[in-house]
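Descriptive analysis of the structure
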Protein chains: 4
Amino acid sequence: MAGSAFGTLFKINTWGESHGKALGVVIDGCPAGLPLCEEDIQIYLDRRKPGQTSIATPRKESDSVEILSGVFEGTTTGTPVSLMVRNTSQKSSDYSEIAACYRPGHADYCYDAKYGFRDYRGGGRSSGRETIGRVAAGAVASKILNTMGITLSAYTKSIGPVSADMSRFDPEAIRTTPTCMPDRIADGKAMEYLKECMMQKDSCGGVIECVIEGVPAGIGDPVFDKLDAELAKAIMSVGAVKAVEIGDGICASQARGTQNNDSFVSREGIVSKKTNHAGGILGGISDGSPIILRAHVKPTPSVFSPQETINTRNENVTIAIKGRHDPVIVPRAVVVVESMAAITILDACMRNMTARLSYLTDFYCK
Amino acid sequence: MAGSAFGTLFKINTWGESHGKALGVVIDGCPAGLPLCEEDIQIYLDRRKPGQTSIATPRKESDSVEILSGVFEGTTTGTPVSLMVRNTSQKSSDYSEIAACYRPGHADYCYDAKYGFRDYRGGGRSSGRETIGRVAAGAVASKILNTMGITLSAYTKSIGPVSADMSRFDPEAIRTTPTCMPDRIADGKAMEYLKECMMQKDSCGGVIECVIEGVPAGIGDPVFDKLDAELAKAIMSVGAVKAVEIGDGICASQARGTQNNDSFVSREGIVSKKTNHAGGILGGISDGSPIILRAHVKPTPSVFSPQETINTRNENVTIAIKGRHDPVIVPRAVVVVESMAAITILDACMRNMTARLSYLTDFYCK
Amino acid sequence: MAGSAFGTLFKINTWGESHGKALGVVIDGCPAGLPLCEEDIQIYLDRRKPGQTSIATPRKESDSVEILSGVFEGTTTGTPVSLMVRNTSQKSSDYSEIAACYRPGHADYCYDAKYGFRDYRGGGRSSGRETIGRVAAGAVASKILNTMGITLSAYTKSIGPVSADMSRFDPEAIRTTPTCMPDRIADGKAMEYLKECMMQKDSCGGVIECVIEGVPAGIGDPVFDKLDAELAKAIMSVGAVKAVEIGDGICASQARGTQNNDSFVSREGIVSKKTNHAGGILGGISDGSPIILRAHVKPTPSVFSPQETINTRNENVTIAIKGRHDPVIVPRAVVVVESMAAITILDACMRNMTARLSYLTDFYCK
Amino acid sequence: MAGSAFGTLFKINTWGESHGKALGVVIDGCPAGLPLCEEDIQIYLDRRKPGQTSIATPRKESDSVEILSGVFEGTTTGTPVSLMVRNTSQKSSDYSEIAACYRPGHADYCYDAKYGFRDYRGGGRSSGRETIGRVAAGAVASKILNTMGITLSAYTKSIGPVSADMSRFDPEAIRTTPTCMPDRIADGKAMEYLKECMMQKDSCGGVIECVIEGVPAGIGDPVFDKLDAELAKAIMSVGAVKAVEIGDGICASQARGTQNNDSFVSREGIVSKKTNHAGGILGGISDGSPIILRAHVKPTPSVFSPQETINTRNENVTIAIKGRHDPVIVPRAVVVVESMAAITILDACMRNMTARLSYLTDFYCK
């Protein structure tokens, strides 16, 4: 069945395959009155573009976005915003082996099991190019959040064994280093490590962290639609993510209550917390502190070393993947994680606007 | 707004507060023809019942479930199954301090920020008692899954620093040890650790693991409704869970591709994987291997040590929580995690039944 | 699959069978801060109660509602409001013939075709008692709408060939006449007609009209979620309704454009329309005029005349229905139509609160 | 908020404005394995194309559809099917007056009230061109239904006072007459009537009927998601539709129970009904008889006679609409009604596949 839609009030529906004609997204529920041009979105798409560094695939993809609907005279109209990126540089001829075999670590086998066959060219819908729609929608969500005083920043926390030292946090480095690390020294070490991986025909994983500031207390809904639950779904839905943490995350499971609890404190009537082990969410609802989450990303499954697997006739074979593949997924996924977080937070903020009867009467009886 | 509903085809809507008249769940979309009696559900509810061991709260709660609709002559009819548990043992008099203060690590402050006030008795809707509806629905989902050859088993993986040794895995221990660990030696150590926590007026966290066997390849939907994304939301929505892992989870982010990839192998035409680092899900779709997930649970926020916080007038105060509180949430949350996994897997299996045109024509043209 | 839930932000999930233990509804998304007591809901339920007049079934049903959750100290908390009515007067012994036969005009055959069997006692889930949940939720929605300045009034427009004369419109008559007509003279004639139907062991249909005043212009969403489309679904979902009209409805299909168009007019800057053929909705969005809709209700299918039909073994048989059945459904459905309209309008008003970016910035940046 | 999505398992999301770059639809949940090419869809789009007869607007629009995703080697893959039609012939210069005024019978005023401004060119999103996405998706749904043995046929039942005589029913006439009537004599009379309307600078309404054959008994869900409720929403959501009838519809409200009830009859074990007043749906679930519905369509609001209205400064003005406008909407809406019915029926059939536990066990345990 379906599966390509996300959100309740700010709803997105992405579409498109790696080697199809185009990829895109329809945003249904974008509020009217937002100034929006293609450049707003292009900036985000360019952050996921390949062909930029020695560790990214040398494909040249322009990935130029076109706004097809929902914007009139430079402003959103409240009707669906349709965004499209034409595919330009795909070479389908590379993929004959993939058609016949199930690559380890890829979804090939699962798609065949589900649908009976698959678009094997470049992974089809399970390709990383699927994220174009997410990022295009994330650019719109981020622009709206910014007008509300909410900002998001995702970056590479670690690559393989190399972690960014947060005491050296340099926000400019996120956009300028090839690893998207906020620490130039760690970036250098990570690049060394990645070269080693490539020489060994191998790949590695890493961690992306996202910090969301300016979210007021009270966002998120009880029970199933907790803000952290929605974020967990949003982030885990990004291909290759295998774990999601909120705040202290896995460390919370080894902590004592007296360590893990964050004390509330009032300074001249302004409420904050002395610490933020909770990562800005308590009981599924934002507490006004920065929201912090981490995505653990597995290594690129396309490695150039020979691998044992089966073909589509269920025969055991050995394959050696060719072509162009990044040794690490993390840097290009940073903007994807940030985009999914933005879409989730915006949707939760919109949903929160009917939480109290007084909100309705203030709106309709003024 | 809303937030208490979960699922697309097997839809549940829970309701009820800790100290209200009752708690319950409506299951909308339960298939007709399932033999179902109250005992089927009671068995699951009893697994989350307090008052059973030295580490659980000494409250006596019968938590007897009543089937109010959707079952006729012992069989589900296809119409909504309404399940209710009356509250019996709540003492509202204990909660005057909570009414006036925001407990660290609890949702008190966030509920007030969202709704303007809250039902402060026992945490209201943010209480652990909210999970009664989840577990009642999980019992129904599990019974259906069992008829389909799918089984789930959740257990305590670790408590504080004490981890179960999986080489000593003893399935009977899960239901009989106070910690729900599958390793009696670790259970003993964990109980020692918990007593120490209690003596220090402190609490601790832990990890729950859930293994789902028998899920055929092909379950889950691409992009946003990936099976792991749905599971991540389901599990993260359980109160106190701060991280969710699938398969190798956080370790995948430090692995190499050649280590993390699982080789497919065919033995007499039967496909399996040599390893299961992926935890049974690739590209968001099940691969036929056991599905493995872990929930990281924070320490019980209600600790008896004095804590700094603020009151509802935003004044700094010190509180010392009284009453009855488990030093660890994990054992009673084991059946909750299992229930949420069951509901998610069943819903995904139901959604999968329209994935191919041939499924429709087989169904309607036979 | 499911089917017992309605609404996007003000979501209801009803449950319960005619002869089960109880019936009820869970409202998920009810705004916090609404004063609510059982009496508020009981008043609405009493409007659909049988046993009140010579044309209604002589069953005595108390239909007392119980608020099980979501209200604390007399005010809604923002969490699910669970409402329940216990069944008290059901006699299951009357229904042996129904178990074996498919009554013409009833859903018996269809439920068996869908589910393989059915709860045959009193129609089970297809009974008119199913509307208890709708009306209970409608009472809550109406109370909220009233605080927003929106009022609803449904009444019987016609019974069989007898129509209310709107020039004699008497709002008090709606609540006091047995037919719920707003015209006492028509009420008298309709009662005569109904007695004639009963003497002839027959039944008849009728028309319910609902007028909604105070809805501001701008409510409803484009394309599929048009306000009239949502109302059409809401009203057609009431059992026995076979047609729904908005404004001039079927007459619009025979009108000329110059007749059917409503001129806008400005009087001292206040916009209105000279006529209201559109029934308050243009392009699916409210225009600020009263919203007018009509539901066409079929005759009670349970007639006491002998009828040809088949039994569950597909054998041709003749049945004569016994028991207690109203000769007309309309009067008891009036409050159901009003309730469904209230739920729909409230949900649309809530959805509208995020239509413009300025609404978000006004809300979050003040 | 949103509003451009429809369906639960076969989900569509349309987008696009009359004078934007393009219009389209994303189908999320289209089953894999359907042979699909652009010609399949083009045939349906051509049925709504203008410029074909004397009563349709003389605009030349090619309305050529492009399949952008979801089809691989001529077959659907199970992933989103994105369909797009580029706008080619729009002249924006015609619309300066519309920008300044609110046309009677149009949504101009309501869009401004909702969003603060509107894309005034050709009605923007409220234009009849919005239906391109519906019809493109309807073509896909119809092709699937046909493989399941379900066929749909919509036609013009009446135009103004001229009704088709069903005793002269000629299925070929539907596709070949300018009115889409199944009766060539009525078609001739209707064309005369339309010329008269045009001469009088006026327009008229009409009725569309749709017959759906081959739907097995058991389709549709109880309570809110009744098959007739879903159809009512689907059809009422088509612009200009002001009433929806199922089966005898409005006539049922004036009938007696003995007249309106359809007797079930068994002939050699095959169940049917002697009559079909119910229009194939009882209690919201299909009964195996043909499903019959009617849409009442208002007159084209764009008439060339002068009309009183207001401008955007709330001043009273008189306007005379220019440009190209059909005197009747009905013929071009026939395929839209058929498409919406197809999408609704297919979705209901897909939802029905999990109604019984035995369906799940048959599917997963074979």
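Here the structure is a predicted model, which is why all the values come from computation and not from measurement.

1. Let's talk about the overall build of chain A
Broken down by element type, chain A carries ten helices and 18 strands. Relative to its length of 366 residues, chain A is compact, with a C-alpha radius of gyration of 21 Å against a globular reference of 21 Å. When each of the 366 residues of chain A is scored for burial, the buried share is 65%. Of all intrachain contacts in chain A linking residues separated by at least 6 positions in sequence, the fraction that spans at least 24 positions is 69%.

2. Here we look at the relation of the copies chain D and chain A
Of the transformation superimposing chain D on chain A, the axial component is 0.0 Å and the angular component is 180°, with the fit at an RMSD of 0.0 Å. Each copy turns onto its partner about a two-fold axis. Looking at the interface residues of chain D, 100% of them are also at the interface in chain A, so both copies use one shared face.

3. Describing the sheet that holds strand β11 (residues 241-246) of chain C
Taken in spatial order, the ten strands make up an open sheet running β9(C)-β8(C)-β10(C)-β16(C)-β11(C)-β11(D)-β16(D)-β10(D)-β8(D)-β9(D), and their pairing is antiparallel. Edge positions in the sheet fall to β9 (162-163) of chain C together with β9 (162-163) of chain D, since each has one partner strand and no second. Pairing of strand β8 (residues 151-159) of chain D with β9(D) involves two bridges; the strand directions are antiparallel. When the bridges of β9(D) are listed, S158(D) appears paired with S163(D).

4. Quick look at the environment of G138(D)
All names here are of chain D. Within the secondary structure, G138 is located in helix α4 (residues 131-147). Taking the C-alpha atoms as reference, G138 lies 32 Å from F264; in sequence the two are 126 residues apart. If we skip the residues at most four places from it in the chain, G138 touches Y44, E338, S339, M340, A342 and I343.

5. Some points on the sheet that holds strand β4 (residues 65-69) of chain A
Residues and elements named next belong to chain A. In spatial order, the strands read β1-β2-β3-β7-β4; together these five strands make up an open sheet with antiparallel pairing. Across the chains shown, the open sheet's two edge strands, defined by having one partner strand only, are β1 (5-6) and β4. Relative to strand β3 (residues 22-28), helix α4 (residues 131-147) is tilted by about 40°, and along the sheet it contacts β2 (11-16), β3, β4 and β7 (81-86).

6. Details of the relation of the copies chain A and chain B
In the superposition of chain A on chain B (RMSD 0.0 Å, axial shift 0.0 Å), the rotation amounts to 180°. The fraction of interface residues of chain A whose copies in chain B are also interface residues reaches 100%, indicating that both copies meet through the same surface.

7. Here's the deal with the interface of chain A and chain B
Between chain A and chain B, the contact holds 97 residues from the first and 97 residues from the second. Relative to strand β11 (residues 241-246) of chain B, strand β11 (residues 241-246) of chain A is paired through three bridges, and the arrangement is antiparallel. Its bridge partner lying in β11(B), E245(A) is registered against A243(B).

8. Here's the deal with the confidence of the model for chain A
On average, residues of chain A carry a pLDDT of 94, and 95% of them reach 70 or more. Listed scores for the predicted complex are pTM 0.97 and ipTM 0.97.

9. Some thoughts on the packing of helix α7 (residues 227-236) of chain D against helix α9 (residues 330-351) of chain D
All names here are of chain D. Between α7 and α9, whose axes approach to 9 Å, the crossing angle comes to 145°. Crossing geometry of α7 relative to α9 is assigned as right-handed. For the pair α7 and α9, the contacting residues are L227, E230, L231, A234 and I235 in the first and V337, M340, A341, I343, T344 and A348 in the second. Class assignment of the residues belonging to the contact of α7 with α9 gives a composition of nine nonpolar, one polar and one charged.

10. Looking at the interface of chain D and chain A
With 35 residues of chain D in contact, the opposing surface of chain A contributes 35 residues. Of all the elements in the fold, those that place two or more residues in the side of chain D that touches chain A are β2 (11-16), β3 (22-28), β4 (65-69) and α3 (108-115) of chain D. The class makeup of the residues in the side of chain D that touches chain A is twelve nonpolar, 15 polar and eight charged.

11. Concerning the environment of D347(D)
Residue and element names in this part refer to chain D. Mapped onto the elements of the fold, D347 is located in helix α9. Sequence spacing of D347 and A141 is 206 residues, and the spatial spacing of their C-alpha atoms is 8.8 Å. D347 has contacts with G7, T8, L9 and F10, leaving out every residue within four places of it along the chain.

12. Thoughts on the pairing of strand β18 (residues 316-319) of chain C
Residue and element names in this part refer to chain C. Summarising the sheet, strand β17 (residues 307-310) and β18 pair through four bridges and their orientation is antiparallel. Residue pairing for β18: Q307 is matched across the bridge by I319. Counting the residues between successive antiparallel strands, the hairpin from β17 to β18 contains five residues, one of them, N314, with a positive phi of roughly 65°.

13. Quick notes on helix α4 (residues 131-147) of chain B
All names here are of chain B. With 17 residues, α4 should reach 24 Å at 1.5 Å per residue; the first-to-last C-alpha distance of 24 Å fits that figure. Here α4 lies mainly inside the structure; 15 of its 17 residues are buried. At the exit of α4 stands G149, carrying a positive phi of roughly 85°.

14. What about the environment of G283(D)?
Here G283(D) lies in the loop between β14 (281-282) and β15 (285-286). Between the C-alpha atoms of G283(D) and F264(D), which are 19 residues apart in sequence, the distance is 15 Å. Those residues within four positions of G283(D) in sequence are excluded, and the remaining contacts are H106(C), A107(C), C110(C), S126(C) and G239(C).

15. Focus on the packing of α4(A) against helix α9 (residues 330-351) of chain A
All names here are of chain A. Contact geometry of α4 with α9 gives a least axis separation of 8 Å together with a crossing angle of 55°. In terms of orientation, α4 and α9 fall into the oblique class. Once α4 is placed against α9, the crossing between them reads as left-handed. Contact residues: T131, R134, V135, A137, G138, A141, S142, I144 and L145 in α4; V335, V336, E338, S339, M340, A342, I343, I345 and L346 in α9. A per-class count over the contact of α4 with α9 returns twelve nonpolar, four polar and two charged.

16. Quick word on unusual backbone geometry
Residue and element names in this part refer to chain B. Look at E73: it is not a glycine, yet its phi comes out positive at around 50°. The residue E73 is located in the loop between β5 (71-72) and β6 (75-76) in this model. By C-beta crowding, E73 is classed as exposed, having 8 other C-beta atoms within 10 Å.

17. As for helix α7 (residues 227-236) of chain C
For α7(C), the tally of buried residues reaches ten of ten residues, placing the bulk of the element in the interior. Within α7(C) the residues assigned to the buried category are L227(C), D228(C), A229(C), E230(C), L231(C), A232(C), K233(C), A234(C), I235(C) and M236(C).

Definitions and limits used
Residues numbered from 1 in each chain as written. Chains lettered and ligands numbered in written order. Predicted model: local features only at pLDDT ≥ 70, side-chain atom pairs only at ≥ 80, totals over all residues. Helix = DSSP H or I, 4+ residues; strand = E, 2+ residues; numbered from the N terminus. Rg over C-alpha atoms; globule rule 2.2 N^0.38 Å. Buried ≥ 20, exposed ≤ 12 C-beta atoms within 10 Å, placed from the backbone. Contact = placed C-beta atoms within 7 Å. Least-squares fit on C-alpha atoms with pLDDT ≥ 70 in both. Pairing = 2+ DSSP bridges. Axes fitted to C-alpha atoms, helices over the stretch in contact; angles between N-to-C directions. pLDDT = per-residue confidence, 0-100. Left-handed = near helix turned anticlockwise from the far one by under 90°. Nonpolar A, V, L, I, M, F, W, Y, C, P; charged D, E, K, R; others polar. Expected span 1.5 Å × (residues − 1). Parallel < 35°, antiparallel > 145°, perpendicular 65-115°, else oblique.

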